[in-house]
Amino acid sequence: MITHVRSVALGVPDLGAAREFFEKHWQLDPVAADADRVFLGAGCQDDHVLRLRATAEPRMDLLCLAATDEHAVDEIAGRVAAHPQGRLLTTPATCDDLGGGYRFRFLDCEGRTVEVASGTAARAFRPVEAGESRPTGISHVVLNTADLPTASAFYRAVFGLQVTDWVEDIMVFLRSGAAHHMLAFTRAPHVSLNHVAFELRGIDEFMRATGEMTKKGYTPLWGPGRHGVGANTFTYFQEPSSRFVAEYTTGMLRIDPDHTWTPRVYPANAQTSDTWGVASPRDDAVSASLRGCPDTGLWQPPPV
C-alpha cells in the first residue's frame, strides 16, 4: 500500500545556504524553484526527494509517502478520518503542484503534517553510475517522538506498517516492503526530525561520498559505520544553517516477504550502534544533534 518515502519537505531559515549544501555538496539535482521553495531530485524517477522552503525557524514541513494507487490513497484517508488521533487537512484529489498526482494531507498523532500520494509524474533523470557519490533516493526517515507506543501504533494502524525490530524500548523500526525499515521512531524529550537517510549505489559509492564530504570540510557527525539493526551503513552529516541531519547509507537488510519474520529486541549498546566498531562512539553530542530542537511546525501545516 505504501511503497516508499517519496520526499521530505524542510523549512529552513537560510534557503540559499541549505540549497548550496544539498545541491552542491550533497549532490542532489535541481528540479524546480519558485518564490520561496526549492525542489531537489536524486538518481530516481520521483519528481523530487527534498523540498526546501524559507521559514523563520527550522521545521519539518511535510513527510511525503508514496502509495500504490488511488484506491490505496482513498483507503488510507479513510483510516485517518476514522482514527481518533488523526486529522484530515485535505481530502484526496488531483494536485497541480510539482509532480501532480492524487494526494491528501493530514496531521498525525503528534502534529506532523503528512502527505500521501499516488500517480505522481515520473521525472526524467540520469541514473547513478558506478563510482558516483550521488544519492539514488531516500532510503528511510527516522522521527523523534515523545510517545513511542502511540506513534508506533498510529502509523501501524493508518498505513499497515509492520514492526521489524526494536532497540530495547527506545526505538522501533517499521517496514512496508522488503527493506528492513522505511520509517523508524525513537524516544526523545520532544517531537522532531531525527534524520533523513539517502541511499547510495553501493559500499564503494558510500565511502566515496563520505570522503568527498570530508574533503569539502564537513566533519561527519557520526560514522562511517554499520548499524547492527538493519545492517545498513551510516555516515551522518549536519546542514550547517538549519542543523538538520542527513545520512548516507547503503546495504540495508532485505526481508523475504514469503517467510515469516519475528521482531527482535536489540540491546542499546555499541555493538548495536556499529557492528564494525570503527565509528566514534555515539556520545551525548551526537545524540543531541539527532534529537534536534522541538519542531516548530507541529500542528501548523505549511501554507503550500
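These numbers come from a predicted model, not from an experiment. (Residues numbered from 1 in each chain as written. Predicted model: local features only at pLDDT ≥ 70, side-chain atom pairs only at ≥ 80, totals over all residues. Heavy atoms only, no water.)

Chemist: Explain the overall build of the protein chain to me, using residue names and the numbers behind them.
Modeler: Within the protein chain, the regular secondary structure consists of six helices and 18 strands. Taken over the C-alpha trace, the protein chain has a radius of gyration of 18 Å; the compact-globule value for 304 residues is 19 Å, and the two agree within 12%. Seen through its C-alpha atoms, the protein chain measures out along the principal axes to roughly 50 × 45 × 35 Å. The long-range fraction of contacts in the protein chain, counting pairs at least 24 apart against all pairs at least 6 apart in sequence, stands at 67%. Of the accessible surface of the protein chain, which amounts to about 12400 Å², a share of 53% is contributed by carbon and sulfur atoms. Once the 28 positive and 37 negative side-chain charges of the protein chain are each reduced to a mean point, those two points are 2 Å apart. (Helix = DSSP H or I, 4+ residues; strand = E, 2+ residues; numbered from the N terminus. Rg over C-alpha atoms; globule rule 2.2 N^0.38 Å. Contact = heavy atoms within 4.5 Å. Areas by Shrake-Rupley, 256 points an atom, 1.4 Å probe, with all protein chains shown as cover. Lys, Arg positive; Asp, Glu negative; His and termini not counted. Charge placed at Lys NZ, Arg CZ, Asp CG, Glu CD.)

Chemist: I'd like to hear about the environment of Thr55, residue by residue, with values.
Modeler: Within the fold, Thr55 resides in the loop between β4 (50-54) and β5 (59-67). Along the backbone, Thr55 and Gly11 are 44 residues apart, and their C-alpha atoms lie at a distance of 5.2 Å. For Thr55, the contacting residues outside a window of four places in its chain are Gly11, Val12 and Pro13. A polar side-chain atom of Thr55 sits 2.8 Å from the main-chain carbonyl oxygen of Glu57. (Polar contact = N/O pair within 3.5 Å; in protein donor to acceptor, adjacent residues only side chain to side chain.)

Chemist: How would you summarise empty space enclosed by the protein if you had to cite specific residues and measurements?
Modeler: For the coordinates displayed, the defined rule picks out two cavities of 30 Å³ or more. Empty space within the largest cavity amounts to approximately 70 Å³. Lining the largest cavity, in full, are Arg6, Ser7, Phe39, His48, Arg51, Leu62, Cys64, Asp97, Leu98, Arg103, Arg105 and Glu115. At the level of secondary structure, the elements contributing two or more residues to the lining of the largest cavity comprise β1 (2-12), β5 and β8 (102-107). Among the residues making up the lining of the largest cavity, the classes are represented as four nonpolar, two polar and six charged. Considering only enclosed or pocket space, the second largest cavity measures out at about 30 Å³ in volume. (1 Å grid on protein atoms, 1.4 Å probe; cavity = no way out; pocket = protein on both sides within 12 Å on 5 of 7 lines; lining within 4 Å. Points joined across faces, edges and corners; volume = space filled by probe spheres on them. Nonpolar A, V, L, I, M, F, W, Y, C, P; charged D, E, K, R; others polar.)

Chemist: Which residues make up the packing of aromatic side chains, and what are the values?
Modeler: Under the defined criterion, the tally for this structure stands at 16 aromatic pairs. Judged by centre distance (5.7 Å) and plane angle (25 degrees), the rings of Phe104 and Phe106 are stacked. Exposure remark for Phe104: the relative accessible area of 1% places this residue in the buried category. Put simply, the rings of Phe21, Phe22, Trp26, Phe198, Tyr218, Phe237 and Tyr248 touch in pairs and so form one group of aromatic residues. (Phe/Tyr/Trp six-rings, centres within 6.5 Å; stacked < 30°, edge-to-face > 60°. Buried < 20%, exposed > 50% of the residue type's maximum accessible area, 1.4 Å probe, protein only.)

Chemist: Break down the nonpolar core for me, citing the residues and quoting the values.
Modeler: By size, the foremost hydrophobic cluster in this structure holds 61 residues, and its most contacted members are Trp26, Leu52, Leu63, Val141, Tyr155 and Phe159. Of all the elements, helix α3 (residues 148-159) adds the most residues to this core, at six residues. Dropping the residues within four chain positions of it, Trp26 is found in contact with Phe21, Pro135, Phe198, Met213, Phe237, Ala246, Glu247 and Tyr248. Counting residues in hydrophobic clusters, the runner-up holds eight residues, among them Phe234, Tyr236, Val286 and Leu290. (Core = buried A, V, L, I, M, F, W, Y, C linked by side-chain atoms within 4.5 Å.)

Chemist: Describe the layout of surface pockets, and please don't skip the residues or the numbers.
Modeler: Empty space within the largest pocket amounts to approximately 490 Å³. In terms of lining residues, the largest pocket is bounded by 28 residues, among which Val167, Met171, Thr186, Ser273 and Arg282 are the most central. Broken down by secondary-structure element, the contributors of at least two residues to the lining of the largest pocket are β10 (137-145), β12 (171-175), β13 (183-187), β14 (192-199), α5 (270-273) and α6 (284-291). Approximately 270 Å³ is the volume found for the second largest pocket. Every residue lining the second largest pocket is counted, 20 residues in all, and those nearest its centre are Pro58, Ser242, Phe244, Gly292 and Cys293.

Chemist: Outline α3, supporting the account with residue identities and numerical values.
Modeler: Each α-helix winds once per 3.6 residues, and so residues spaced three or four apart point in a common direction. A rise of 1.5 Å per residue sets the reference length of α3, with its twelve residues, at 16 Å; its end C-alpha atoms lie 16 Å apart and thus fit the reference within 8%. For α3, the full list of buried residues reads Leu148, Ala151, Ser152, Phe154, Tyr155, Val158 and Phe159. Buried residues of α3, viewed axially, fall in a sector of 160 degrees; they line one side. Two residues or fewer after α3 comes Gly160, characterised by a positive phi angle close to 70 degrees. (Expected span 1.5 Å × (residues − 1). Arc of directions from axis to C-beta.)

Purely geometric numbers; function is a separate question.
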